[in-house]
Amino acid sequence: RWLPVLRRRCDIAGKRLSGTGLAAEGRVLRAVLYVYHSRLLRHRSYLALQQVEQCLKRLWKMNLVGCIETLAGLTPKKNTSQAHAECLVPSQPMLETVALKVLGGCKLILRLLDCCCKAFLLSVKHLCSEEFILLNTVASGLLSRLWFVIQYRCVLQSLMSLYGMLSTSLHLVSETQQMPYIKGFTFPSDISKFLGVNISSEVKKQKARMLTTKKATTWLKKLFPTMPEAVSEVGKKRNFATCMSAVKNCSVPCPADIGEPVL
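Structural notes, computed from the coordinates. (Residues numbered from 1 in each chain as written. Predicted model: local features only at pLDDT ≥ 70, side-chain atom pairs only at ≥ 80, totals over all residues. Heavy atoms only, no water.)

Some remarks on the pattern of salt bridges
Summed over all chains, the structure comprises 4 salt bridges. Where E25 meets R145, a salt bridge forms, and the shortest distance between an N and an O atom there is 3.1 Å. Taken together, the residues span a long stretch of sequence, with E25 in helix α2 (residues 20-35) and R145 in helix α6 (residues 133-152) at a distance of 120 residues. E25 gets classed as buried once you look at its relative accessible area, which sits at 10%. Classification of R145 as partly exposed rests on a relative accessible area of 41%. Within this structure, R111, D114 and K118 form a network of salt bridges that share partners. (Salt bridge = Lys/Arg side-chain N within 4 Å of Asp/Glu carboxyl O. Helix = DSSP H or I, 4+ residues; strand = E, 2+ residues; numbered from the N terminus. Buried < 20%, exposed > 50% of the residue type's maximum accessible area, 1.4 Å probe, protein only.)

Overview of the nonpolar core
Counting residues in hydrophobic clusters, the biggest one holds 68 residues, and the most contacted among them are V52, I68, V102, L159 and L166. When residues of this core are traced back to their parent elements, those giving at least two are α1 (2-17), α2, α3 (44-61), α4 (64-74), α5 (92-128), α6, α7 (155-176) and α8 (191-195). Excluding its chain neighbours within four sequence positions, the residues that come into contact with V102 are L64, L159, L162, Y163 and L166. (Core = buried A, V, L, I, M, F, W, Y, C linked by side-chain atoms within 4.5 Å. Contact = heavy atoms within 4.5 Å.)

Section: unusual backbone geometry
Despite not being glycine, N63 has its phi angle at roughly 55 degrees, a positive value. Within the element layout of this structure, N63 appears in the loop between α3 and α4. Since its relative accessible area comes to 45%, N63 is described here as partly exposed.

Structure, rendered in structure tokens:
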């Protein structure tokens, strides 16, 4: 009975991990870090972005998706109709390997969410100080999207659900045939205790911190003055020319954003 459930949860976790959102945000993050490497080598926002990129890199290098897909391929697709029918099941070493990687992946995703939250708050703080306007604008949007993609696709929750089924499978398989592969480590029965935090409360806390952050729009108001809603075509052109002259005469250095605070 547990074999189809295990396969279904493997498929869900694999699809959510290998989605286009995480990969796309990771590519954009690497491109941003590459562009700003020579200018912002020791800047706090840049270092915070590096921590986020390091977590993503470790998550991909551990090949969690490939391991989950391999386990799903070893699980029978359909349940046997006969009461006492025999079928091949994944071995204990295979289940232990995937379970260990799932535990590590959950820890990494928790760290990734925490780094995203801290880097976002730091970017907004520097944005309010009108420092590195271009970088911090891009970084705040990128980090919020990355955090939202992980939460919206329920990546962490799907891995925790998969581990619950893996723990049950390990118990049943080890009762049939003892073949321990990973020694010196006891697999936890409850992954929430292993992670050490309440996932729902931690996510709500991070979301509240990110949503209650001061809006960094003062410099935008300087660059783009407000325009009346109902104006004629001539008025639109005139206001556009006025807006462009205001941008050119503005004290915020738009073309050369070298990170110096604006007095």
